[in-house]
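# Architecture at a glance
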Amino acid sequence: MNKKISMLLTVTAVAVMGATLFGSTYSQTQIAGQSISKQEVDLMQQIHDMGGLQLVMPQAFAETDCGALESSGRNVVEFNLTGESIEMPIMGGGMYHAMSFSEQVPGPTLRVTQGDVVKMSLTIPEDEVTAHGNDMHASQISSAAFESVNPGETSVYCYIAEAAGVFKYHCSGVKLVGMDQHVLSGMHGIAIVDPANGYKKLMVEKTSGSGELDRMYYSADALEFQLQYSQLFINDDGLYDARAMFDHDQTQTTVNGQAFGYVPNGVHNAIIMGDENRNIFVAQPWNDLDLKQYQSQLLYVETGQHVRLFIENQANEPVYFHIVGEILDRVTQGNRVQSAATETWLLGGSQNMIVDLVFDEPGTYAAVNHDYGALYTGAATVFVAGDPFGLNDRLMEAEILEDPVPSYAYVLGNPSDAVPPMGMNSIAHPAVNVHGMYSDSVVEQKIADGAIPLWDVVPTLPPF
Ligand SMILES: [Cu+2]
């Protein structure tokens, strides 16, 4: 599609959305009940002139004064982002024009405890082609307060993370214009706000072999992963295709920025099958050590271990989250349990959940979006629990291991983009490998922080 037409569609959609959502919800009548300053009158005139395009919310809704919040005695967490356009590879070959927070898709994960003050900054480099904004769903603050930030500028704002849960953050475009393009090109991330009193222990009810009801309790401490679902809508030139977005016709479905980013690669084939070309799973598209941080990786857990998944649907299409061969032992949204022992849970756009579960049996388990259109365009993620391939004996025989390990994470690590920052009830991953839609400078930082570059390590392993 002609690029100008795509942009026009985007502008029209935002204007209609702005008028519909914000014009009606926060009417002049509501605002008129408060004392109105000159600045607010100007703002209202501006809103009128713009056809209700700009967000406005009651000023009492949130505190943005960093000085007051920083001296409030609360814990202050700094979160500094950049907004940058960047070329990223796409599954199947070629590149696309991504927009990123801090040169990675998704952006860095913010993790705080309920009640913390977040001091957030967004810097746009001089040579960036467009302004960017930020809307933190955890902040309960109008994105109008943040405005958009022009190239060469930095903007700072502060808020209290008042509610526990998982919350999306995303670019708000250039005063909302182009927001869909910026978000769907990669400008999204999550904030995890841990409950002030920590997570609850996990209860799992099942029947034993004798038919008796077993009620198992697991400590609140868990091995944690983050999975962010999105879709790419791009044309053959790797540019954003608004028409495809309006048609709900995704080019690829991504998890943490990659289609099929968590499926076995050649290294897994070699370890498990003894031949890197003998596939253990049907889809292995990111399969070459030369792909470095982009080569697909698996997610390793122990059997009988409490696993916690932070899941966000960043984009447009619904996510029917399901793990083949597993039951979701607990589903939490906001800070309330929504379901237990459920097979599939639905996330609409910009909706999230926390899934707690325990893998009882050694094996491979595919987490999917159970919409076949999404599954076949990339929404497959493979967990490996325990030692389903009998590797411990072979690895000990090859003197790679001295003792058996409870999961392959002790050998290969878990992928860095799926591992959130540590929280109050986090179990540390045995090792972390470098994986993600990262620029090379982000890769260098991950390695400096202790993540393993498997593309360097694997060729040095003795044959077995
Ligand atoms: Cu942006």
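One structure accompanies this document, and this report is about it. (Residues numbered from 1 in each chain as written. Predicted model: local features only at pLDDT ≥ 70, side-chain atom pairs only at ≥ 80, totals over all residues.)

### A word on the sheet that holds strand β21 (residues 344–347)
- Strand order across the open sheet formed by five strands is β16-β24-β23-β18-β21, with mixed pairing between neighbours. Each having just a single partner strand, β16 (299–301) and β21 make up the two edges of the open sheet. With strand direction ignored, the average angle separating the axes of adjacent strands in the sheet is 20°.
- Here strand β23 (residues 363–369) runs beside strand β24 (residues 380–385); their pairing, made up of six bridges, is antiparallel. Bridged to Thr364 within β24 is Val384. (Pairing = 2+ DSSP bridges. Helix = DSSP H or I, 4+ residues; strand = E, 2+ residues; numbered from the N terminus. Axes fitted to C-alpha atoms, helices over the stretch in contact; angles between N-to-C directions.)

### Quick notes on the environment of Gln250
- Along the chain, the position of Gln250 falls in the loop between α6 (242–246) and β15 (252–255).
- Gln250 gets classed as buried once you count the C-beta atoms within 10 Å, which come to 25.
- Between the alpha carbons of Gln250 and Ala374 there is a distance of 8.4 Å; along the sequence they are 124 residues apart.
- Setting aside residues up to four positions removed in sequence, Gln250 forms contacts with Gln231, Leu232, Phe233, Glu317 and Thr377. (Buried ≥ 20, exposed ≤ 12 C-beta atoms within 10 Å, placed from the backbone. Contact = placed C-beta atoms within 7 Å.)

### A few points about the pairing of β24
- Buried residues dominate β24, accounting for six of its six residues.
- Two strands pair when backbone bridges link them, and β16 and β24 are joined in this way by three bridges, in the parallel orientation. Looking across to β24, one finds that Leu299 is bridged to Phe383.

### Side note on helix α7 (residues 266–273)
- Within α7, burial applies to Gly266, Val267, His268, Ile271 and Ile272.
- For α7, the elements touching its buried residues are α9 (391–397) and α12 (454–457).
- In the stretch just after α7, Gly274 is the one whose phi turns positive, near 75°.

### With respect to the nonpolar core
- Of all hydrophobic cores here, the largest spans 104 residues; its most connected members are Val118, Ala191, Leu299, Val382 and Phe383.
- Looking at this core element by element, the count peaks at six residues for strand β14 (residues 222–232). (Core = buried A, V, L, I, M, F, W, Y, C linked by C-beta atoms within 7 Å.)

### Some points on the sheet that holds strand β4 (residues 110–113)
- Reading across from one edge, β4-β11-β10-β7 is the order of the four strands in this open sheet, with mixed pairing throughout. Of all strands in the sheet, those with a lone pairing partner are β4 and β7 (135–136), marking the two edges.
- Across four bridges, the pairing between β4 and strand β11 (residues 188–194) is parallel. Opposite Val112, over in β11, you have Val193 as the bridge partner.

### A short note on the pairing of strand β19 (residues 328–333)
- Of all six residues in β19, five are buried, a share of seventy percent or more.
- Pairing geometry for β19 and strand β20 (residues 336–342), over five bridges, is antiparallel. Across the sheet, the residue bridging to Leu328 is Thr342, located in β20.
- If you look at the hairpin formed by β19 and β20, you'll find two residues sitting between the two strands, and Gly334 has a positive phi there, around 60°.

### What about helix α11 (residues 440–448)?
- Among all positions of α11, only Val442, Val443 and Lys446 are buried. For α11, the angular spread of the buried residues around the axis is 105°, confining them to a single face. Projecting away from the buried face of α11 at angles above 90 degrees are the exposed residues Asp440, Ser441 and Ala448.
- On its buried face, α11 sits against β3 (104–105) and β28 (437–438). (Arc of directions from axis to C-beta.)

### As for unusual backbone geometry
- A cis amide bond, omega -5°, links Val105 with the succeeding residue Pro106.
- As for its position among the elements, Pro106 is in the loop between β3 and β4.
- Despite not being glycine, His248 has its phi angle at roughly 55°, a positive value.
- As for its placement among the helices and strands, His248 is situated in the loop between α6 and β15.
- Phi angles above zero are rare outside glycine, and Ser350 is one such case at about 55°.
- By secondary structure assignment, the location of Ser350 is in the loop between β21 and β22 (351–358).
- Look at Ser350 and you get partly exposed, because 16 C-beta atoms sit within 10 Å.

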